[in-house]
Amino acid sequence: STNGSSWTNSPGWLGDPGTECSWYGITCTGGSVTAINLSENNLVGSIPPEIGDLINLQILALYSNSLTGAIPAKFWTLTNLVEIRLANNTLTGPIPAAIGGMTDLEILYLYNNALVGGIPDAIGDLANLVQLQLQNNPDLGGTIPTTIGGLENLVSLYLFNTGLTGEIPAAIGDVGDDGVSQNLLYLLLFDNGLTGPIPAEIGNLTGLVELGLRNNSLESIPTTIGNLVNLRYLWLHNNQLTGPIPAEIGNVGDDGVSENLQYLWLQNNNLTGGIPDTIGNFTNLVELRLENNTGLGGSIPAAIGGLTNLEILYLHHCGLTGPIPTEIGNVGDDG
């Protein structure tokens, strides 16, 4: 099914019965195949449906090949799978609701394919999932299911460039919350067609290190953004954000020990109300970009001088008035 004669590595393959556990890329436990790793091995063709007969399979890694066609239906019955790594192929077809039965799953990498049909509601049944990466399936489409909040152990949620529409559900605030700690570190939803406000529940994700919502049609920033005390990267540019930059933004990245925020990009929106004084709290900020918010208005606050590690400051086309404060001379001066 995958043109074995062209594989980069194939020692042992098609050997005598009983030798299967010694074939390249095959791992066995107790005489059963428990792992297949044929990644980056020049597989060309389709995944054979017989792979669904390997009922004890725990790891399937076929990433970075030239696989095409749909993932076989029988594959989704392999309820012992812990890792699925099928990224960097040209796989088509949907992610079926049957995925909800894979409750042991911890890693799901399907990025850089051509999947369609949306994200099934059943994804929320995967409570043990740690990594969900579906990015760069531009025709996947649909909305973010509200069941996403069931992913209480998730560390990374990568859904960028997947053709998503609709609003970010309030349930996003439950992702990574196992009742003991906030596990979610990376939330990347950029390059989609998301609309509506950024939900206030985003502020529940206090463990976040990176929040990427750029290149959507989002409409407002909640005051709860200030709860993201571990954030280093805040990418909200190229949306349709209106209203003020909340003063609470000055709390972003402040975990009480250090100022973590390094990149704050809010450019190319419709923000108003001026630059809040709290912007000066970001003593470790490297880049501040507010350009092309033509109705922002107001003056440059003297607090800007607190940005002692700043390397890039873009404030053009913001409708600013008044004098340039003398404190501008302190910007980027860490002593």
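In what follows, the structure referred to is the one given above.
Let me sum up the structure you'll find in this document. (Residues numbered from 1 in each chain as written. Predicted model: local features only at pLDDT ≥ 70, side-chain atom pairs only at ≥ 80, totals over all residues. Heavy atoms only, no water.)

1. Brief notes about the overall build of the protein
When helices and strands are counted, the protein shows 0 helices and 21 strands. By the burial criterion, 47% of the 335 residues in the protein qualify as buried. Taking the contacts inside the protein whose residues are at least 6 apart along the sequence as the reference set, 53% of them involve residues at least 24 apart. Total accessible area computed for the protein in this model is approximately 13600 Å², and 48% of it derives from carbon and sulfur atoms. Counting 5 positive and 31 negative side-chain charges, the protein places the centres of these two groups 7 Å from one another. (Helix = DSSP H or I, 4+ residues; strand = E, 2+ residues; numbered from the N terminus. Buried < 20%, exposed > 50% of the residue type's maximum accessible area, 1.4 Å probe, protein only. Contact = heavy atoms within 4.5 Å. Areas by Shrake-Rupley, 256 points an atom, 1.4 Å probe, with all protein chains shown as cover. Lys, Arg positive; Asp, Glu negative; His and termini not counted. Charge placed at Lys NZ, Arg CZ, Asp CG, Glu CD.)

2. Some words on the layout of surface pockets
Any space left empty among the atoms is revealed by the rolling of a water-sized probe across them. Estimated volume of the largest pocket: approximately 340 Å³. Trp13, Ile36, Leu38, Pro48 and Ile51 are the residues nearest the centre of the largest pocket, which is lined by 18 residues in total. (1 Å grid on protein atoms, 1.4 Å probe; cavity = no way out; pocket = protein on both sides within 12 Å on 5 of 7 lines; lining within 4 Å. Points joined across faces, edges and corners; volume = space filled by probe spheres on them.)

3. A few points about the environment of Leu81
Turning to its location among the elements, Leu81 is positioned in the loop between strand 5 (66-70) and strand 6 (83-85). Separated by 209 residues in sequence, Leu81 and Leu290 have C-alpha atoms that sit 46 Å apart. Discounting residues that sit within four places of it in the chain, Leu81 has contacts with Leu57, Gln58, Ile59, Leu60, Phe75, Met102, Asp104 and Leu105.

4. With respect to the state of the cysteines
Applying the stated criterion to the full structure yields 1 disulfide. Across a sulfur-sulfur distance of 2.1 Å, Cys21 and Cys28 are joined as a disulfide pair. On the sign convention where negative means left-handed, the S-S torsion of about -90° between Cys21 and Cys28 marks this disulfide as left-handed. (Disulfide = S-S within 2.5 Å.)

5. A few points about the packing of aromatic side chains
Throughout the structure, instances matching the rule amount to 10 aromatic pairs. Linked through ring pairs, Tyr233, Trp235, Tyr263 and Trp265 together constitute an aromatic cluster. In this arrangement the basic side chain of Arg289 is found over the ring face of Trp265, its NZ or CZ atom lying 4.7 Å from the centre. (Phe/Tyr/Trp six-rings, centres within 6.5 Å; stacked < 30°, edge-to-face > 60°. Lys NZ or Arg CZ within 6 Å of the ring centre and 35° of its normal.)

6. Observations concerning the pattern of salt bridges
Enumeration over the complete set of coordinates arrives at 3 salt bridges. Between Arg85 and Glu83 there is a salt bridge, with the nearest N and O atoms lying 2.9 Å from each other. Looking at Arg85, the relative accessible area reads 21%, which means it is partly exposed. By relative accessible area, which is 19% here, Glu83 ends up buried. The partner of Glu291 in a salt bridge is Arg289, and the shortest N-O contact between them spans 2.3 Å. The exposure class of Glu291 is buried, given its relative accessible area of 3%. (Salt bridge = Lys/Arg side-chain N within 4 Å of Asp/Glu carboxyl O.)

7. Describing the sheet that holds strand 5
In spatial order, the strands read 3-5-7; together these 3 strands make up an open sheet with parallel pairing. Each end of this open sheet is capped by a strand with a single partner; those strands are strand 3 (44-45) and strand 7 (90-92). Two elements, strand 3 and strand 5, share 2 bridges in a ladder whose sense is parallel. If you follow Gly45 over to strand 5, its bridge partner there is Leu67. (Pairing = 2+ DSSP bridges.)

8. Points about the pairing of strand 5
With 3 bridges joining them, strand 5 and strand 7 adopt parallel strand pairing. Across the sheet, Thr68 pairs through a bridge with Thr90, a residue of strand 7.

9. Observations concerning the nonpolar core
Burial of nonpolar side chains together is a common tendency in soluble globular proteins. Formed by 84 residues in total, the largest nonpolar core has its most connected members in Phe75, Leu86, Leu132, Ile148, Leu187, Leu211 and Leu264. If near-sequence neighbours (up to four positions away) are discounted, Leu264 is found in contact with Leu234, Ile249, Ile279, Phe282, Leu285, Glu287, Leu288 and Arg289. (Core = buried A, V, L, I, M, F, W, Y, C linked by side-chain atoms within 4.5 Å.)

10. Description of unusual backbone geometry
Located in the positive-phi region is Glu40, a residue other than glycine, with phi close to 50°. Looking at the element boundaries, Glu40 is found in the loop between strand 2 (32-37) and strand 3. Given the relative accessible area of 56%, Glu40 is considered exposed. For Asn268, which is not glycine, the phi torsion reads 60° and is therefore positive. Among the residues examined, Asn268 registers a relative accessible area of 31% and is labelled partly exposed.

11. Describing the sheet that holds strand 13 (residues 193-196)
Here we have 3 strands laid out as an open sheet, ordered 11-13-15, and parallel in their pairing. Only two strands of the sheet have a single partner each, and these edge strands are strand 11 (165-167) and strand 15 (217-218). Two strands pair when backbone bridges link them, and strand 11 and strand 13 are joined in this way by 3 bridges, in the parallel orientation. Within strand 13, the position partnered with Glu167 by the bridge is Thr195.

12. Some details on the environment of Gly329
By the element assignment, Gly329 lies in the segment after strand 21 (312-314). Gly329 sits in the exposed class, given a relative accessible area of 55%.

13. Here we look at the side chain of Asn216
Mapping Asn216 onto the fold places it in the loop between strand 14 (210-212) and strand 15. In this structure the side chain of Asn216 is engaged in a polar contact, spanning 3.2 Å, whose partner is the backbone oxygen of Leu189. Apart from residues lying up to four places away in sequence, Asn216 is in contact with Leu189, Phe190, Asp191, Asn192, Gly193, Leu194, Asn238 and Asn239. (Polar contact = N/O pair within 3.5 Å; in protein donor to acceptor, adjacent residues only side chain to side chain.)

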